[in-house]
Amino acid sequence: MKFTLRVWRQRDAAAAGAMTTYEVDGVSADMSFLEMLDHLNERLILSGDTPVAFDHDCREGICGACGVVINGQAHGPERTTACQLHMRHFRDGDTIDVEPWRAEAFPVVRDLVVDRSAFDRVIASGGYVSVPTGSAPEAHATPVPKAAADLAFDHAACIGCGACVAACPNGSAMLFTAAKVVHLNALPQGAPERESRVLDMVDTMDAQGFGGCTNTGECATACPKGIPLSAIGTLNREYLRATVKGRGNRD
Amino acid sequence: MTDYTAYGVGDPVADTKAPDGPIAERWDRRRFEAKLVNPANRRKHTVIVVGTGLAGGAAGATLAEQGYRVVQFCYQDSPRRAHSIAAQGGINAAKNYRNDGDSVHRLFYDTVKGGDFRARESNVHRLAQISLQIIDQCVAQGVPFAREYGGLLDTRSFGGVQVSRTFYARGQTGQQLLLGAYQALSRQIDAGTVEMHPRTEMLDLVVVDGRARGVVARDLVTGRVDTYFADAVVLASGGYGNVFYLSTNAKNSNATAVWRAHRRGALFANPCFTQIHPTCIPRSGDHQSKLTLMSESLRNDGRIWVPVAKGDTRPPNEIPEDERDYYLERMYPSFGNLVPRDIASRAAKNVCDEGRGVGPGGQGVYLDFADAIRRMGRAAVDAKYGNLFEMYERITAEDPYQVPMRIYPAIHYTMGGLWVDYDLQTTVPGLFAIGEANFSDHGANRLGASALMQGLADGYFVLPATINDYLARHPHDEVLADHPAAVAVVAEVTARLDRLLAVDGDRTPDSFHRELGELLWDECGMARNEAGLRKALGRIPELREEFWRRVKVPGTGAELNQSLEKANRIVDYLELAELTCLDALHRTESCGGHFREESQTPDGEAARRDELFSYTAAWEFTGTGRPPVLHKEDLVFEHVHPTQRSYT
Amino acid sequence: MALATRTQHAQHPQHPPSLLGSLWRSTVGKKAVMAVTGLIMLAYLVAHMIGNLKIFFGPGEFDHYAHWLRTIGGPVLHYEWFLWILRVVLVAAVVLHGVAAYQLSRRDLAARPVKYARPRARTSYATRTMRWGGVILGLFVVWHILDLTTLTVNPNAQHGHPYANVVASFDRWYVAAFYIAAMLALGLHIRHGFWSAAQTLGANSPRRDRAFKAAANALAALLTVGFVSVPVAVLTGIVS
Ligand SMILES: Cc1cc2nc3c(=O)[nH]c(=O)nc-3n(C[C@H](O)[C@H](O)[C@H](O)COP(=O)(O)OP(=O)(O)OC[C@H]3O[C@@H](n4cnc5c(N)ncnc54)[C@H](O)[C@@H]3O)c2cc1C
Ligand code: HEM
Ligand code: SF4
Ligand code: FES
């Protein structure tokens, strides 16, 4: 297969970027999107060009490192990560636009690489259960209803890729934040910090420069792990509940 | 040039830290005998942790909770993305919730036996003991393990053991455990007790006065090379499976941290003990960048076969029953498709070598669910394997309900690693290695669902207890950035990077990695023999030489430069590969994941040679391409008597 | 000792502000304010629309109804007190809603400064027109008050004779057209807004989602048809 790629090239955070056009030939339908970029890069290196920088690691759709906007869609046309998207989903001869996640809170580092550390700060502000090593009770001391465990898992499946932010017209991180809040607040283990968690995480989320939610649902449509939009509803409920209850046990 | 294979044999190494006495009491004794650091003094001590996988994430969080100052690194943009995230199957623990006869002793026994009697009993017993606490800890963190309707934890049996001791979180156990550790670590980052450096790669170790005192690391965004000092350094940098280029490891998993430590004096143990996983999706072409693992559970209901005839290119559905060879069922009637990983892998290789492999390049065998669908019904198959089928279809565009899956073995895990004692300390004082980076607990073969257990045991419980002893014995004293030892290491690192950039040849870094990987896979993969290993040992130095002459690394060192990162890792692979082959060459027995064709039983099974090889081979570095020195650690089995495996 | 636990988050004041204050500080809280004020306006509009339909029963009944509105709550409340309370509440709602919408929109636009080369919107028209639709509604409200409450721009402008005022206003086709357009905007705004409010206030759940969407559509349709029926009736001479 043969494609015309229009790829965002930007030398570093400070530099201006631009879409640059490349013709790539000899692409196999079995290649993943990232393997297609590898293929392009091998050629660029040999021709004395700089290869396109992009984040990736597991290439199995689980680490959340990869992520590019393909033809205006985060992770491209299929509901999966860019590393698990195969070229057979494109038509031979297509022109494909490849851009980095766009959001004020995710500054471009280089080419298709962005800085998602804002996500880490959201988690660090409350996305955990405070249980120092060694202090845990016996695992069966607290049974967890299967429904709660399943709900928690569904939301814990978030890979922190940032597609939700990239797809959102407001650059909002609500789906990501909600996924963690729902995961931990659904479990008895998360109950003691239920209020402080949601208040702190939302505060941090706002402080990182993400936009607000207008319930457009673009995030859930783009999410490769199927985190449902209802998570945001639950986040809102938890937040309002915590606000009404008072700032809770946050220190 | 000296012959690399003319290695010397040095003094034996001994694990001086493991207490003797009844095995079940050793860990308690060691913890009691270990010196403690006064809590008020802990924040004066800095510990560097390289890696944020299960081992590193758990260690960083726990050390910080104890009051130490932690400086931590990972090459990903976030600590949450460490390769541990990809583990699917589950984590073992001897909880015996099923009341099916499991116990700490049985887990200990299974692990030693599964490791084909090449692991240290004391370590393995401690691992089995700690397994209980790991589950408690993770549950308390909110790890959403699978549960029964009664609200209690569900378990399954895994990897051919007879008890049901594997805890799991759907097919994403590693992810959930890692997120638990990451969240605990994040809490400490927020508290200011852990200074986290993501996108920063350790490129060398700083040894001052014989003790590990820091690392030299490169900021992958700006290219800045800096020195970081500490009172102790912990490597939790994962395994080296990517030396084979194609493996199930994350693309950027690498051996640089351990190899650089090895070059600075840490012995490297059993590099040839690598594990191959039988059920991976075969490569689809030369573009293949990594291999994807399919859960082993597929072998519970799928039947593995190849055509009887060589070069049979008919579509599988047109091959009649009597022209199919269900070779595992034929060769191992009692275990059938459920034989251990290494046996299943080797059998697949053999039929493919005979020219009976299927799919592109003949590198694959069928894993057929037609019978299972007939027997259980499509709905039942879907309920059990639906997500795996989906994953397979996404990657291959073939529907496993219609056409049998194709699978092929792939490198998956490395049992070898830095040699450590019972305290998980390497032979460089103050340098510790935990998780897959060390060699400690799995001997020559790792049981399924035991790597996660070991990573977390090391990180949450073992290292935080043992490192106290070291720190207590070495009161903090400052090293300054202009210490000649540190300055020299920085100079070496920058010189190496500059040299890579300066070659400006005509081959890409990947092309070398691919070539090295193929060579290693062919000669030091599922089956090894002297001729092949010698061939590889002849070729590797040539490849290394060619690499330094022809590699082309574009760009500069002062920017995000992924080609430079790759090339720099390949430098280390080119040396590690050589040691791996030498280790495989020297061990003229078969054991666990290491199969020497010269050492097999008449019916083709691995034959261990305990009288000669009941030891850990710990290698000392003497210079690139120069013969290393072998230090043996004799293995003593007091509790589990070595037996020969048999699956026929 | 020396166990590091959670840190005090620097940005939180030790003594948190009032409930509204703390809501106003965060995007989630501010959105909740919008949802509540939106729902207050919505509830008012439902009542308003039902009242409007009285116009089909002739000037007597309609004007009487308008008069009755001023006597609600009596004798406890003085004449027109209820109406004034309602007006205050509504003005507060409109102001809070509008200011929150403005502030959040500014923030949202700043959070996504760069557009994609090939943008792809996959959401409904209603969702994408909330901001513009809201602005149209805001302008409409101002005009609507000037027209039928203060009668500043009404061609008839007779206090106490709303029927005649309405007919006089809608007799001009362009006024009726503007009104109808605004009501269509209202329909769209409610269509996304009602469901959105349920989501914002955490009342939504996967089980109730479809019901809320259906209710939003029904409300939107009902309000639009109900409001639009009046100018249409005037233009077609059913009401004159
Ligand atoms: C596909 C797959 C499935 C698996 N399934 C299972 C299973 O079901 N059960 C099981 O028990 N085991 C399983 N394993 C094995 C298990 O996942 C690993 O052995 C284990 O997770 C290793 O953890 P670790 O903490 O040692 O290292 P890793 O998770 O590999 O982490 C390494 C860390 O070190 C960092 N790092 C590496 N080098 C450097 C450097 N030079 N500078 C800075 N940072 C560096 C990385 O950024 C990373 O944070 C599986 C493995 C694979 C590949
Ligand atoms: C006149 C009657 C109005 C009603 C009944 C109304 C109702 C609503 C409701 C219920 C919401 C949903 C709140 C949420 O998402 O949680 C909403 C959202 C919104 N409204 Fe209004 N509103 C009205 C007027 C206005 C006006 C005058 C403006 C403009 C200043 C406006 C702008 C917005 C905006 C921007 C949103 C958010 C859009 C979104 O959620 O996507 N609205 N409105
Ligand atoms: S919610 Fe979905 S899209 Fe957002 S970070 Fe998590 S996995 Fe990615
Ligand atoms: S590379 Fe890990 S999710 Fe794509």
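From a predicted model like this one, the values you see are computed outputs, not experimental measurements.

A. Up close: the domain arrangement of chain B. All names here are of chain B. When the domains of chain B are assigned, the result is domain 1 (8-273 + 415-473), domain 2 (278-411) and domain 3 (485-609). Averaged C-alpha coordinates put domain 2 and domain 3 at centres separated by 30 Å. Across the boundary between the two partners, domain 2 contributes 14 residues, which contact nine residues of domain 3. Buried surface at the junction of domain 2 and domain 3, both sides included, amounts to about 900 Å², of which 55% is carbon and sulfur. Between the two partners, domain 2 and domain 3, sit zero salt bridges. Where domain 2 packs against domain 3, one counts three residue pairs in polar contact (both at pLDDT 80 or more). Those elements giving two or more residues to the side of domain 2 that touches domain 3 turn out to be α9 (341-356) and β17 (405-414).

B. Structural context of α9 of chain B. Residue and element names in this part refer to chain B. Across the 16 residues that make up α9, a large majority, 12, are buried. Listed in full, the buried residues belonging to α9 are Arg341, Asp342, Ile343, Ala344, Ser345, Arg346, Ala347, Ala348, Lys349, Val351, Cys352 and Arg356. Where the residues of α9 are buried, they touch β13 (274-280), β14 (303-307), β15 (324-325), α8 (327-331), β16 (365-368) and β17.

C. Up close: the site of ligand 1. All names here are of chain B. The environment of ligand 1 is made up of 38 residues, and the closest members are Gln76, Ser84, Gly89, Met202 and Glu436. Ser84 places a polar side-chain atom, nitrogen or oxygen, 2.4 Å from an oxygen atom of ligand 1. With respect to ligand 1, the backbone of Leu452 contributes an N or O atom lying 2.8 Å from an oxygen atom. Across the complex, the protein chains shield 98% of the 990 Å² of accessible surface that ligand 1 would expose by itself. Elements with a contribution of two residues or more to the shell around ligand 1: α3 (54-66), β8 (200-208), β17 and α12 (451-473). At three residues, β8 tops the list of elements feeding residues into the shell around ligand 1.

D. Quick peek at the interface of chain A and chain C. At the junction of the two partners, chain A supplies 57 residues and chain C supplies 44 residues. Of the roughly 4,200 Å² buried at the junction of chain A and chain C (both faces included), carbon and sulfur atoms supply 49%. A salt bridge links Asp97 of chain A to Arg118 of chain C, with the nearest nitrogen and oxygen atoms 3.3 Å apart. On inspection of chain A and its partner chain C, the count reaches 23 residue pairs in polar contact (both at pLDDT 80 or more). Of all the elements in the fold, those that place two or more residues in the side of chain A that touches chain C are β5 (95-99), α4 (163-167), α6 (194-207), α7 (218-222) and α8 (230-244) of chain A.

E. Up close: the packing of aromatic side chains. If you walk through the whole model with that rule in mind, you get 37 aromatic pairs over all chains. Between Phe613 of chain B and Tyr615 of chain B, the aromatic rings sit 5.8 Å apart at their centres with planes inclined by 40°, giving tilted as the arrangement. According to the relative accessible area criterion, Phe613 of chain B is buried, its value standing at 6%. Taking the relative accessible area as the measure of exposure, Tyr615 of chain B reaches 4% and is therefore buried. Where Trp143 of chain C meets Phe178 of chain C, the ring centres are 5.3 Å apart and the plane angle is 75°; that geometry is what we call edge-to-face.

F. Representation of the interface of chain B and chain A in the model. Across the boundary between the two partners, chain B contributes 75 residues, which contact 75 residues of chain A. Contact between chain B and chain A buries roughly 6,100 Å² in total, counting both sides, with carbon and sulfur atoms accounting for 52%. Seen at the junction of chain B and chain A, the total is eight salt bridges. Linking chain B with chain A are 42 residue pairs in polar contact (both at pLDDT 80 or more), by the criterion used here.

G. Structural context of the site of ligand 3. All names here are of chain A. Around ligand 3 lies a shell of 13 residues, among which Cys158, Cys161, Gly162, Cys164 and Cys223 are the nearest. Counting residues per element, the ones that place at least two in the shell around ligand 3 are α4 and α5 (174-185). Looking at the shell around ligand 3 residue by residue, the class counts come to 11 nonpolar, two polar and no charged.

H. Representation of the pairing of β14 of chain B. Residue and element names in this part refer to chain B. Of all five residues that make up β14, four are buried, and the element is covered over most of its length. Pairing between β14 and β15: two bridges, direction antiparallel. If you follow Val306 over to β15, its bridge partner there is Asp325.

I. Geometry of helix α4 (residues 104-114) of chain B. All names here are of chain B. Regarding α4, the residues found buried are Val104, Leu107, Phe108, Asp110, Thr111, Val112 and Gly114. Where α4 is buried, its residues touch β4 (91-92), α5 (121-140) and α12. Directly after α4, the chain includes Asp116, whose backbone phi takes a positive value near 55°.

J. Up close: the pattern of salt bridges. Residue and element names in this part refer to chain B. As enumerated under the stated definition, the model contains 90 salt bridges over all chains in all. Asp116 is the salt-bridge partner of Arg608, the closest N and O atoms lying 2.8 Å from each other. Here the residue Arg608 occupies a position in the loop between α16 (562-586) and α17 (610-613), and Asp116 occupies one in the loop between α4 and α5, the gap between them amounting to 492 residues. Given the relative accessible area of 7%, Arg608 is considered buried. Residue Asp610 is joined to Arg118 by a salt bridge in which the shortest nitrogen-to-oxygen separation is 2.9 Å. Remark: Arg118 occurs in the loop between α4 and α5 and Asp610 occurs in helix α17; sequence separation between them is 492 residues.

K. Spatial organisation of the pairing of β17 of chain B. All names here are of chain B. In terms of burial, β17 is largely enclosed, as 10 of its 10 residues are buried. Inspection of the sheet shows β13 paired to β17 by five bridges, in the antiparallel sense. Paired with Gln275 across the two strands is Tyr413, which belongs to β17.

The rules behind each value
- Starting from 1, residues in each chain are numbered consecutively following that chain's sequence as written.
- Here every chain gets a letter starting at A, and every ligand a number starting at 1, in the order they are written.
- Reporting in this predicted model follows two pLDDT cut-offs: at least 70 for local features of residues, and 80 or more for side-chain atom pairs to be given and counted; totals over whole chains, interfaces and linings ignore these cut-offs and use all residues.
- The basis for every side-chain value is the complete set of heavy atoms in the structure, and neither hydrogens nor water enter the calculation.
- Source of the domain bounds: an automatic or database domain assignment.
- The criterion used for residue contact is that any of the two residues' heavy atoms lie within 4.5 Å.
- Using a 1.4 Å probe, buried area is obtained as the accessible area two parts lose upon being combined, added over both of them.
- A side-chain nitrogen of Lys or Arg and a carboxyl oxygen of Asp or Glu constitute a salt bridge if their distance falls within 4 Å.
- Two N or O atoms count as a polar contact when they lie within 3.5 Å, although within protein this holds only if one can serve as hydrogen donor and the other as acceptor, and sequence-adjacent residues are included solely when both atoms are side-chain atoms.
- Helix and strand definitions follow DSSP, with helices as H or I runs of at least four residues and strands as E runs of at least two, each counted in order from the N terminus.
- Here the term buried applies to any residue with accessible area under 20% of the maximum for its type, exposed to any over 50%, and partly exposed to those in between, with areas from a 1.4 Å probe on protein chains only.
- Neighbouring residues are identified by heavy atoms, a residue being near a molecule or strand if any of them is within 4 Å of it.
- Every accessible area reported is derived by Shrake-Rupley at a probe size of 1.4 Å, with residue values counting cover from the shown protein chains alone.
- Aromatic rings from Phe, Tyr and Trp, with only the six-membered ring used for Trp, were paired whenever their centres fell within 6.5 Å, and each pair was classed as stacked if the ring planes differed by under 30 degrees, edge-to-face if by over 60, and tilted otherwise.
- Three classes are used: nonpolar for Ala, Val, Leu, Ile, Met, Phe, Trp, Tyr, Cys and Pro, charged for Asp, Glu, Lys and Arg, and polar for all others, with Gly counted as polar.
- In short, DSSP must find at least two bridges between two strands for them to pair.

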